[in-house]
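This is what each chain is made of:
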Amino acid sequence: MSESRRYHVTTFGCQMNKADSERMAGILENMGMSWEEDPLQADLVLYNTCTIRDSAEQKVYSYLGKQAKRKQKNPNLTLVVAGCVAQQEGENLLRRVPELDLVMGPQHANQLESLLAQVAQGNQIVATEPVHIMEDITKPRRDSEVTAWVNVIYGCNERCTYCVVPGVRGLEQSRTPAAIRAEMVELAQQGYKEVTLLGQNIDAYGRDLPGITPEGRRENTLTDLLYFVHDVPGIERIRFATSHPRYFTERLVKACAELPKVCEHFHIPFQSGNNDILKAMGRGYTHEKYRRIIDTVRRYVPDASISADVIVAFPGETEAQFQDTLSVMEDIVFDMVNTAAYSPRPGTPAAEWANQLDETVKQDRLQRINHLVSQQAEVRSQRYQNRTETVLVEAINPRDPNQVMGRTRGNRLTFFTGDIEQLKGQIVPVHITETRAFSLTGSALQLATV
Ligand code: SAH
Ligand code: SF4
Ligand code: F3S
């Protein structure tokens, strides 16, 4: 490939995809290419795709249509579809968009260079077979200079009846604690202050690694990992996501309470507040168990922010069952909830069931739940009024160049007046003067020495 080639990556979907995109961009840079902001100007366009819901999948096809037209005029354009739609559709994608050069599943992200070498020989490539994910030696091109994603476990071994993730991300593969720590040490050396440890089901971390303690407990759990990495010098904050209630342990909460760098934020999806629906979803817990988990979190970490994911209008969900979901929310009062109407996905059991609900029911329940979500977020934000929160400054406020923005330990986006040149990467105590559902405004007290 010549030096002057310019690439563009568009990322859809979750944090896992964002992390994969940063690694793939790192590989492209390492090959001598440079970033192009405009996808319609780039010589190589990579769409890193998501298929969690139908709407996410359809977005990709509309983007691809435009690029296919470009390719007809410009045969030197390289078109790559990576990620979860690529994995799900495989060769179908080539039939649908014959202009594509490369279709590659998420497990192949680290292999981008060798796959492109095959494309350069004039082949159309589909790489979707399951593989053991190799440690990547190329440096990711990270979007932020302050906060970084660190994968700890790939894949998912659960079988939630609505979900495509196990099909597209494959079986769980944990990275070793040593590799994770080494990445964090390097990040700290580059000036990063915060890492988010990533896994679709992060509580499952280490299940595929060897090791049993003398007491007969599995070694290398997420809790052990937190103890193992928390003292990396320079890293000031550690977050992790996503926790599955089935595997969430009291030991993990204790570790979070004990380890000062682990932030007081728990993202624990509950999906439904009704036990029959939870059973049909194959989630492996009851709403009573979920509530006990939250009680445990609040016992050890009283001020913890708690967020979740919920699906409304799952097949067969009655109005009363939907009300059960609202009741769980009324009782817990969440800081944030990601909501979605159930979307039937190819290859998943629930998509085959006859008791699908109408679009009107879906939209009605979604609207009602979203109303409650923002109400609760607003109430939870209000507890910060007049408090001093430490904010890790990430960037300029895009809507006000005199302000910077960052997050509190509880993950609330916070704005305050300040100079980004001076404050980027600093942890600043901020007196909170205004609260909104999903963000805060305040004024800096003084610069912390970090
Ligand atoms: N591993 C995480 C979630 C991964 S997917 C967990 O187990 O909780 C992110 C969210 O997308 C899910 O929590 C769920 O709320 C939503 N989701 C997944 N499949 C969906 C579907 N078919 N329809 C609607 N929402 C879905
Ligand atoms: Fe999907 Fe369930 Fe795995 Fe989460 S735990 S990724 S919802 S199958
Ligand atoms: Fe989407 Fe794949 Fe993530 S389907 S949510 S990008 S694991």
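Criteria and thresholds
- Residues numbered from 1 in each chain as written.
- Chains lettered and ligands numbered in written order.
- Predicted model: local features only at pLDDT ≥ 70, side-chain atom pairs only at ≥ 80, totals over all residues.
- Heavy atoms only, no water.
- Helix = DSSP H or I, 4+ residues; strand = E, 2+ residues; numbered from the N terminus.
- Rg over C-alpha atoms; globule rule 2.2 N^0.38 Å.
- Buried < 20%, exposed > 50% of the residue type's maximum accessible area, 1.4 Å probe, protein only.
- Contact = heavy atoms within 4.5 Å.
- Areas by Shrake-Rupley, 256 points an atom, 1.4 Å probe, with all protein chains shown as cover.
- 1 Å grid on protein atoms, 1.4 Å probe; cavity = no way out; pocket = protein on both sides within 12 Å on 5 of 7 lines; lining within 4 Å.
- Points joined across faces, edges and corners; volume = space filled by probe spheres on them.
- Nonpolar A, V, L, I, M, F, W, Y, C, P; charged D, E, K, R; others polar.
- Domains from an automatic or database assignment.
- UniProt positions renumbered as here; feature names shortened; annotations may be inferred.
- Near = heavy atom within 4 Å.
- Polar contact = N/O pair within 3.5 Å; in protein donor to acceptor, adjacent residues only side chain to side chain.

Within the protein chain one finds 14 helices and 19 strands. On C-alpha atoms alone, the protein chain measures out to a radius of gyration of 22 Å, which is about the 22 Å that the 2.2 N^0.38 rule sets for 450 residues. Taken along the three principal axes of its C-alpha coordinates, the protein chain extends 60 × 60 × 55 Å. By residue count, 55% of the 450 residues in the protein chain fall in the buried class. Of the contacts made within the protein chain by residues no fewer than 6 positions apart, 71% connect residues no fewer than 24 positions apart. When the accessible surface of the protein chain is totalled, it reaches about 19500 Å², and 50% of it is carbon and sulfur.

One water molecule sets the probe size; rolling that probe over the atoms shows where empty space is left. Counted under the stated rule, the structure contains one cavity of 30 Å³ or more. Around the largest cavity, the lining residues are M16, D20, P106, Q107, I133, I153, Y154, G155, R169, G199 and Q200. Where the lining of the largest cavity is concerned, the elements lending two or more residues are α1 (15–30) and β8 (153–154). Grouping the amino acids of the lining of the largest cavity by side-chain chemistry returns five nonpolar, four polar and two charged. A domain-level breakdown of the lining of the largest cavity finds at least three residues from each of domain 1 (6–127) and domain 2 (147–383).

The feature "binding site: [4Fe-4S] cluster 2" (unreviewed entry), as given by UniProt, occupies C156, C160 and C163 in the numbering adopted here. Within the fold, C160 resides in the loop between β8 and α6 (165–169). Under the relative-accessibility criterion, C160 is labelled buried at 8%. If we skip the residues at most four places from it in the chain, C160 touches M281, G282 and R283. Inspection of the secondary structure puts C163 in the loop between β8 and α6.

Let us look at the site of ligand 1. Taken together, 15 residues lie around ligand 1, and Y162, Q200, Q271, D309 and S343 are the ones closest in. Between Q271 and ligand 1, the recorded distance is 2.7 Å, taken from a side-chain N or O atom to an oxygen atom. Here an oxygen atom of ligand 1 and a side-chain polar atom of D309 are 2.6 Å apart. Burial of ligand 1 by the protein amounts to 89% of the accessible area it has alone, namely 540 Å². Sorting the residues of the shell around ligand 1 by element identifies β13 (305–312) and β14 (336–341) as the ones contributing at least two each. The residue makeup of the shell around ligand 1, split by class, is seven nonpolar, four polar and four charged.

Under the domain assignment used here, the protein chain contains domain 1 (6–127), domain 2 (147–383) and domain 3 (385–444). One C-alpha centre belongs to domain 1, the other to domain 3; they are set 35 Å apart.

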